[in-house]
Amino acid sequence: MLRISSLDTPPASISGNQGWPLFSTAATHQIERACASRLPPHTLMERAGLAIARLATAIAPHAQRIWIACGPGNNGGDGLEAAAQLQARLPHTRIMVSEVREPSQLPADAQISWNKAQQAGVRWVNNCPSDLSPQDLCIDALLGIGLKPHAGRKPSDAHQRLQQLLEQITQCACPVLCVDIASGLDADTGQYLPEFAPHPLSHPSQWHTLALLTLQPGLFTAQGRDACGQIWWDDLGCGIARHRADASTPPPLAHLRTIASLQTQRRQHTSHKGSFGDVAVLGGEGLSQRGLSMTGAAWLAALAALHSGAGRVMLALLDESHPQGITPWPEIMLRQPSTQDWSQPTVVCGCGGGEAVQAWLPHILEQAPQLVLDADALNAIAANPALAQQLTARAARQQPTILTPHPLEAARLLQTSTAAIQANRLQACLQLAQKFQCTALLKGSGTVIANAQRQIWINSSGNPRLATGGTGDVLAGLIGALWAQGSNADEAAIQGTFKHGHTADQWPADRPFSASALAMHLKQ
C-alpha cells in the first residue's frame, strides 16, 4: 500500500518520470476484468477487503466501534469483505454494517462477502450508530467508481436509502475511510453528480480514501481534493504499483506530479547572467488609461521571475504616467514597450494588462520566441478572432506558448461557461491546448496542465492560501523564469505550478501571506 501526496515520489519503474499514473474509470474496469480473468473467483474482492481492513486498523488503532455503510454494488461488497476481515482481526471491536439492498439483490461476489460477514458475527444496524466517538471509524463503501447519474429518473427506494446513509457519513464525528473515492464523486472529473451535492464535512482533515487497483483523476482535482482527504493506493497485487503495465493495459489518462517535479540544477562556477535567460514582462495598465491602476500585477510577475533565477528581468509597464528612474527592486529593469526588443527574451504578457494590452498583442504574438499569456491578454484573445488565429499560428513557426487561465478565462477562450469548464477540467484543459496548439494550464484545485499531443498532468501542491489577489501573476512570472533557464514549455508549466503550490504548502503559520511575499520566497 502506498501513500499518495505532493511529497511522495512514485517509483521510476511505473511513472517513466511523468508522475503517478491516473486511469479513467473505463480503463480501470478494463484492467479489473483482465486481472480477474487471471485469478481464482472472488480473489480481487478478498484482496480489497484485506486492504481496507489493514488501513482501517492503521487509521483507528483504538477504535471500539467501526461502522461500514455498504452500497448496492461491488464497492459495497468490498465493504462487506472488510467487515468480515475486521471482525476476525478485532474480536473485541463492534463491527457494524448498514446496507442499501437486500443480499439477494447484490452482485454474486458481494453476496459471497455478505455471507462471510454474517458468519463472522458482524452486526447489522439500520443507521449510523449514535455513539461513534473520535477514536472510532466510519467506512464509506457506498458507491466507489461505479457511480451512475439518476437525473431525470424517479429515485428508487435503494437510491433514497443510499442518500440517507451518505448524509449520515458526512455528519460522522469520527474519521472516515472512503473505498475507491468519496461516494457521489465522479472519478474521472472530481465533480459531484447533481443528486449528490456536497455537504459540509464535520472533520475534513480526518478523511482518508483508499484507491483500489488504480488511481483516478477525480481524486486530485476539482472537489476531489477536499472530499477525499489523504489518498492511499493498493493495486491488489496486480502489479500496476510495481512496474509499468504491459502493452495490453490501457494507457493512463493523466499523471499526478509531485515533489519529483522540483528539478534543481547546480549552477556552474563559469556561469553568468546570460546563462539563465532573460524574461520581459508586459502588462500593468496605469491610472491614466481608465483610472484603474493594475501595475502591481506586472510588478508581481517581474518580482517572481527575479526570485526564480532568471538572469535578467525587464518590465515594460503599460502606464504612460509612470515616472522613470530607480525601481523598488533595482534588479528589475524598466523599459518602454516601444523600445523593448520582444524577439529575444521569454515574454510574460497580460498581467494587469487591462484594455491597454490589446494594442500590443499582434506585435507580441508575432515576435516573442517563448510566450506566457495570462489574465487580460487571454481575455483580449478570447474577444478577438484575429488574435486567436495569430496565437494558433505560432506553433507552426516553432514559437511555443503557455496559457495560464483560471476557469472564467478558460470559459471565454472556449466560448462556454465556467460551470462547463469545471464539469470536466481535464477535457477543458486539453481542448485549450489543442485549439491553440500550445501548453495550457487550467488553474484551480488540482491545477491541470495539457499539451497539444494529448498529454495531461495534474498538480498535487497548493492550498487555500493561494486564493488571494496576485498569486496568479506570481505563477506567470515563475513559469517564465523556468522557461528562460532552459526547461521546455511543458516542464516549465509543470515545475512552476508545483513550486508555486509547494511554497504555499511550506509557508510558516505565523508568517503573513501575500502575493509579493510568495514571490520573494520562491527560491527558498
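About the criteria used
Residues numbered from 1 in each chain as written. Predicted model: local features only at pLDDT ≥ 70, side-chain atom pairs only at ≥ 80, totals over all residues. Heavy atoms only, no water. Axes fitted to C-alpha atoms, helices over the stretch in contact; angles between N-to-C directions. Helix = DSSP H or I, 4+ residues; strand = E, 2+ residues; numbered from the N terminus. Parallel < 35°, antiparallel > 145°, perpendicular 65-115°, else oblique. Left-handed = near helix turned anticlockwise from the far one by under 90°. Contact = heavy atoms within 4.5 Å. Nonpolar A, V, L, I, M, F, W, Y, C, P; charged D, E, K, R; others polar. Pairing = 2+ DSSP bridges. Buried < 20%, exposed > 50% of the residue type's maximum accessible area, 1.4 Å probe, protein only. Arc of directions from axis to C-beta. Expected span 1.5 Å × (residues − 1).

1. Points about the packing of helix α4 (residues 74-89) against helix α5 (residues 108-120)
In step 1: Look at α4 against α5: their axes get within 8 Å of each other, and the N-to-C directions meet at 25 degrees. As judged from the angle between their axes, α4 and α5 are roughly parallel. The element α4 and its partner α5 pack so that their crossing is left-handed. For the pair α4 and α5, the contacting residues are N74, G77, L80, E81, A83, A84 and Q87 in the first and D109, A110, S113, W114, K116, A117 and A120 in the second.
In step 2: Of the residues assigned to the contact of α4 with α5, the class counts are 7 nonpolar, 4 polar and 3 charged.

2. Concerning the sheet that holds strand β18 (residues 448-450)
In step 1: Ordered by their spatial adjacency, 11 strands build an open sheet running β2-β10-β19-β18-β17-β16-β15-β14-β11-β12-β13, and the pairing between neighbours is mixed. The outermost strands of the open sheet, each flanked by one partner alone, are β2 (20-22) and β13 (332-335). Pairs of neighbouring strands in the sheet enclose a mean axial angle of 20 degrees, with direction left out of account.
In step 2: Across 3 bridges, the pairing between strand β17 (residues 439-442) and β18 is antiparallel. Across the sheet, L442 pairs through a bridge with V448, a residue of β18.

3. Notes on unusual backbone geometry
In step 1: The backbone phi angle of A222 is positive, close to 55 degrees, even though this residue is not glycine.
In step 2: As for its position among the elements, A222 is in the loop between β8 (207-212) and α7 (224-228).
In step 3: Look at L236: it is not a glycine, yet its phi comes out positive at around 60 degrees.
In step 4: Looking at where L236 falls in the secondary structure, it is placed in the loop between β9 (230-234) and β10 (254-257).
In step 5: Relative accessible area serves as the criterion here: at 7%, L236 is assigned to the buried category.

4. Remarks on helix α12 (residues 385-393)
In step 1: Turning to α12, its buried residues number three or more, namely L387, A388, Q390 and L391. Along the long axis of α12, the arc covered by the buried residues comes to 160 degrees, so they all point the same way. Opposite the buried face of α12, at more than 90 degrees from it, the exposed residues are P385, A386 and Q389.
In step 2: In the core, the buried residues of α12 are packed alongside α10 (361-367), β15 (370-373), α11 (376-382), β16 (401-403) and α15 (425-436).

5. Re helix α2 (residues 25-37)
Note: α-helices contain 3.6 residues per turn, so residues at a spacing of three or four share the same orientation.
In step 1: Between its terminal C-alpha atoms α2 stretches 18 Å, which fits the 18 Å expected from 13 residues at 1.5 Å a residue.
In step 2: Three or more residues of α2 are buried, namely T25, A27, T28, I31 and C35. For α2, the angular spread of buried residues about the axis comes to 155 degrees, placing them on one side. Relative to its buried face, α2 has exposed residues pointing more than 90 degrees away, namely A26, R33 and S37.
In step 3: Of the surrounding elements, those touching the buried residues of α2 are α3 (43-59).

6. Brief notes about the sheet that holds strand β3 (residues 65-70)
The strands making up a sheet associate through hydrogen bonds between their backbones, and the pairing can be parallel or antiparallel.
In step 1: Taking strand neighbours across the sheet as the criterion, the 8 strands line up as β1-β9-β8-β7-β6-β3-β4-β5 in an open arrangement whose pairing is mixed. Two strands lie at the open edges of the sheet, namely β1 (2-4) and β5 (123-124), each paired on one side alone.
In step 2: Bridge count between strand β7 (residues 176-179) and β8: 4 bridges; the pairing is parallel. Among the inter-strand pairings, V176 is bridged to a residue of β8, identified as W207.
In step 3: Each of β6 (137-141), β7, β8 and β9 is contacted by α3, which is oriented at about 155 degrees to β8, the strand it contacts most.

7. Observations regarding the environment of A82
In step 1: If you trace the backbone, A82 turns up in helix α4.
In step 2: Considered as a pair, A82 and T258 are 176 residues apart in the sequence and their alpha carbons are 31 Å apart.
In step 3: For A82, the residues in contact, after removing those within four places along its chain, are G49, I52 and A53.

8. Some points on the packing of helix α16 (residues 471-484) against helix α17 (residues 489-505)
A pair of packed helices can be characterised by two numbers: the angle between their axes and the separation between those axes.
In step 1: Interaxial distance between α16 and α17 falls to 8 Å at its minimum, and their mutual angle equals 135 degrees. In terms of their interaxial angle, α16 and α17 are classed as oblique. Taken as a pair, α16 and α17 cross one another with a handedness that is right-handed. Residues T471, V474, L475, L478, I479, L482 and W483 of α16 form the contact with α17, whose participating residues are A489, A492, A493, Q495, G496, T497, K499 and H500.

Any functional reading would require information that these geometric values do not contain.
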